[in-house]
Amino acid sequence: MGTATGAPVIWWVRQDLRLCDNAALSAALATGAPVLPVFVLDDDSAGAWAPGGASRWWLHGSLAALSAALAARGAPLVLRRGDSRKVIPALAEETGAQAVFAGRMYEPWARQRDRDVAALLSERGVRIEGFRTALLFEPWEIRTTTGGPYGVYTPFSRACFTASAPAQPTPPPARIPAPASVPASDRLEDWQLRPSRPDWAGGLREAWQPGEAGASARLEAFLASALHRYESLRNRPDLPGTSCLSPHLHWGEISPASVWHAAVASGAAQGASVEAFLKELLWREFSHHLLWHRPEMPEAPLKPAFAAFPWRNDPAALRAWQKGRTGYPIVDAGMRQLWHSGWMHNRVRMITASFLVKHLLIPWQEGAAWFWDTLVDADLAANSASWQWVAGCGADAAPYFRIFNPILQGAKFDPEGNYVRRWVPELARLPADLIHRPWEAQPLALAEAGVTLGRTYPWPVVEHAAARARALAALASISAEKGAA
DNA sequence: TTTTGAGTTGTTCGA
DNA sequence: GTCGAACAACTCAAA
């Protein structure tokens, strides 16, 4: 191991805000040169897919945590803002760096940007190397027997289980040799990633601890208390049955390989629950697989027939959905949990998304845009793939007749009504058998619970049976047979 | 090339 | 109240 002197190499930190199990960082360290960690806030390149409000709040915390962890190991984090096509080559020039190491990104805009940056660096004789830091498998590694990409989840997951297991995670470096001269950095505070006027982030602060330490703590808590019952309780929004790792995984504060191996090692005795959890990690992989092979996925339906779907333009209904005022308690609870905490239980994401798309016939892109702005785990691959799946226009999509009944779903997965009570407090005093359908309650029962429909809580914006019939008719209008007739 | 079985997460209706 | 079938047609993946 030589001493760290001379020109540095750049570790370009992106969605891999961690020191553990980071192949890009390891490769930078392996050169023996001083390492300069750099993060670029590149809203220019991301365009419409720049991080939304909740994601920016998270990013601030995660960068602060990474900066502190790096400082403790002797290396300062350099922050720069602007188009990476300018910032990265300029930094290489300024520091004399001959190499740049980065974790790969898979968003279409990021792929284009990274190609451009590589070309610009190449002109200057600087090399850039990409590493797999965000996924278990590269999207192009998993292939069907004929060599093509998968379009159906189950065979994709089987191929992943058959492929060689992801490598064991590597420990964090004890020390990171800093360059003798460190270029100027922006102040994180000056980026104003956190809201101030008004400060709406109180619920986020309560719920989350961004950063690598927070990610590890969340994983440990999940392994200790919920993994062994994951298969049965993961659908219960009223109970802490899920891992809540999604934002940590999105920002790369923990590697999917770390999560994979921890689950396998800790839950060996509860095979079914471990397998159910690993399959969720593979859904994340599948989303990236789809985005890689179908880069139009965030904007356009994967099934072309849906271009002719009779979507409605209904700003008032969209607003009611966004604000949790649809009159369907399980839907409103989910939308308010999202607004308050930046996160929503997966079961409720399906219910609320189905409601927007099928009961209200509002384009899935509107829902995806709202989630993009409000979720702390907003991820282009997962968000786009999941909305398309619910809408029926995606890969392996839900059949046309699968229209969630928000009353039945509420009764089935929030049987005591405690999830609704938590997020829709004006209904808290209704008994469990009425809380998911307050409009059917007798006047006396409503009065005893202090509920006045239309005043303390809205009437349903649409009637379920009528909305279901309307959705089925809309779907029939784009079916192949109908189109040919 | 052709064939075959299958496809995350559901609801409703009628027996 | 419970239970099983119907609900389209299509595409995918593998044999």
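The model shown is predicted, which means the values in this text are computed figures rather than measured ones. (Residues numbered from 1 in each chain as written. Chains lettered and ligands numbered in written order. Predicted model: local features only at pLDDT ≥ 70, side-chain atom pairs only at ≥ 80, totals over all residues.)

## Some details on the overall build of chain A
Per the secondary structure count, chain A includes 22 helices and five strands. What you see for chain A is a C-alpha radius of gyration of 24 Å, in line with the 23 Å of a compact globule of 485 residues. Across its three principal directions, the C-alpha atoms of chain A cover 80 × 55 × 50 Å. Counting all 485 residues of chain A, 46% fall into the buried class. For chain A, contacts bridging at least 24 residues in sequence account for 77% of all contacts bridging at least 6. (Helix = DSSP H or I, 4+ residues; strand = E, 2+ residues; numbered from the N terminus. Rg over C-alpha atoms; globule rule 2.2 N^0.38 Å. Buried ≥ 20, exposed ≤ 12 C-beta atoms within 10 Å, placed from the backbone. Contact = placed C-beta atoms within 7 Å.)

## Quick notes on the protein's contact with DNA strand B
Near DNA strand B lie 17 residues; those nearest to it are Y153, T154, D396, R402 and N405. For the surface near DNA strand B, the elements supplying multiple residues, two or more each, are α6 (153–162), α12 (271–293) and α18 (406–413). (Near = placed C-beta within 6 Å.)

## Comments concerning unusual backbone geometry
Cis rather than trans, the peptide bond between R197 and P198 has omega equal to -5 degrees. As for its position among the elements, P198 is in the loop between α6 and α7 (202–207). Positive phi, close to 50 degrees, is recorded for Q192, a residue that is not glycine. For Q192, a count of 10 C-beta atoms within 10 Å translates into the label exposed.

## A few points about the domain arrangement of chain A
Often, the extent of an interface is quoted as the loss of accessible area on bringing the components together. Entries for chain A in the domain assignment read domain 1 (9–134), domain 2 (135–166 + 212–293) and domain 3 (304–478). Taking only C-alpha atoms, the centre of domain 1 and the centre of domain 2 are 25 Å apart. It is helix α3 (residues 53–72) that contributes the most residues to the side of domain 1 that touches domain 2, four residues altogether. In the side of domain 1 that touches domain 2, the residues fall into eight nonpolar, four polar and four charged. (Domains from an automatic or database assignment. Nonpolar A, V, L, I, M, F, W, Y, C, P; charged D, E, K, R; others polar.)

## Observations concerning the packing of α12 against helix α17 (residues 380–391)
Two elements in contact, α12 and α17, have axes separated by 8 Å at closest approach and are oriented at 90 degrees. Regarding the angle of α12 to α17, the classification is roughly perpendicular. Every residue of α17 that contacts α12 at R284, S287, H288, L290 and L291 is listed here: L380, A381, A382, S384 and A385. Residue classes in the contact of α12 with α17 are distributed as six nonpolar, three polar and one charged. (Axes fitted to C-alpha atoms, helices over the stretch in contact; angles between N-to-C directions. Parallel < 35°, antiparallel > 145°, perpendicular 65-115°, else oblique.)

## Concerning α3
Think of an α-helix as 3.6 residues a turn; residues three or four steps apart then line up on the same face. The terminal C-alpha atoms of α3 lie 29 Å apart, and with 20 residues this matches the ideal 28 Å at 1.5 Å per residue to within 8%. G74, located one to two residues past α3, shows a positive phi value of around 95 degrees. (Expected span 1.5 Å × (residues − 1).)

## Some points on the packing of helix α15 (residues 346–359) against α17
Between α15 and α17, the shortest axis-to-axis distance is 9 Å and the interhelical angle comes to 60 degrees. For the element pair α15 / α17, the angle class is oblique. For α15 against α17, the interelement crossing comes out right-handed. Judged by residue contacts, M350, A353, S354 and V357 of α15 engage W387, V390 and A391 from α17. The residue inventory of the contact of α15 with α17, partitioned by class, reads six nonpolar, one polar and no charged. (Left-handed = near helix turned anticlockwise from the far one by under 90°.)

## With respect to α17
The end-to-end C-alpha distance of α17, which contains 12 residues, comes to 16 Å, matching closely the 16 Å that a straight helix rising 1.5 Å per residue would cover. Judged by how many residues are buried, α17 sits mostly within the fold: 12 of 12 residues are covered. Buried residues of α17: L380, A381, A382, N383, S384, A385, S386, W387, Q388, W389, V390 and A391, and no others. Buried residues along α17 sit in contact with α12, α15 and α16 (364–374). Taken from the residues just after α17, G392 is the one with a positive phi, measuring 95 degrees.

## Considerations on the nonpolar core
In terms of nonpolar packing, the biggest core is built from 129 residues, with I10, W11, W12, V38 and V100 touching the most fellow members. Of all the elements, α3 adds the most residues to this core, at nine residues. Each residue touching W11, except ones within four places of it in the same chain, is listed here: A24, L25, A28, V35, L36, P37, V38 and F101. (Core = buried A, V, L, I, M, F, W, Y, C linked by C-beta atoms within 7 Å.)

## Points about the sheet that holds strand β4 (residues 99–103)
Strand order in the open sheet formed by five strands is β3-β2-β1-β4-β5, with parallel pairing between adjacent strands. On the outer flanks of this sheet lie β3 (78–81) and β5 (127–131), each paired with one strand and no other. For this sheet the average axis-to-axis angle between neighbouring strands, irrespective of direction, equals 25 degrees. Pairing between strand β1 (residues 9–13) and β4: three bridges, direction parallel. Residue pairing in the sheet places W12 in a bridge with A102 of β4. Sheet strands in contact with helix α1 (residues 23–30) are β1, β2 (35–41), β4 and β5, and its direction is about 160 degrees off that of β4. (Pairing = 2+ DSSP bridges.)

## What to know about the pairing of β2
Of all seven residues that make up β2, seven are buried, and the element is covered over most of its length. Every second residue of β2 is oriented toward a common face, with V35, P37, F39 and L41 on one face and L36, V38 and V40 on the other, all of them buried. Two elements, β1 and β2, share five bridges in a ladder whose sense is parallel. Considered in β2, the bridge of I10 is made with L36. You can see the chain leave β1, run along α1 and come back into β2, and the turn it takes is right-handed. As defined by bridge partners, β2 adjoins β3 across four bridges and the pair is classed as parallel. If you follow V38 over to β3, its bridge partner there is V78. (Right-handed = clockwise from strand over helix to strand, strands pointing away.)

## Structural notes on the pairing of β4
The side chains of a regular strand alternate, residue by residue, between the two faces of the sheet. The buried fraction of β4 amounts to four of the five residues, a majority that puts the element mostly inside the structure. Summarising the sheet, β4 and β5 pair through five bridges and their orientation is parallel. Note that in β5 the partner of A102 across the bridge is G130. Between β4 and its parallel partner β5, the chain crosses via helix α5 (residues 108–123), and the hand of that crossover is right-handed.

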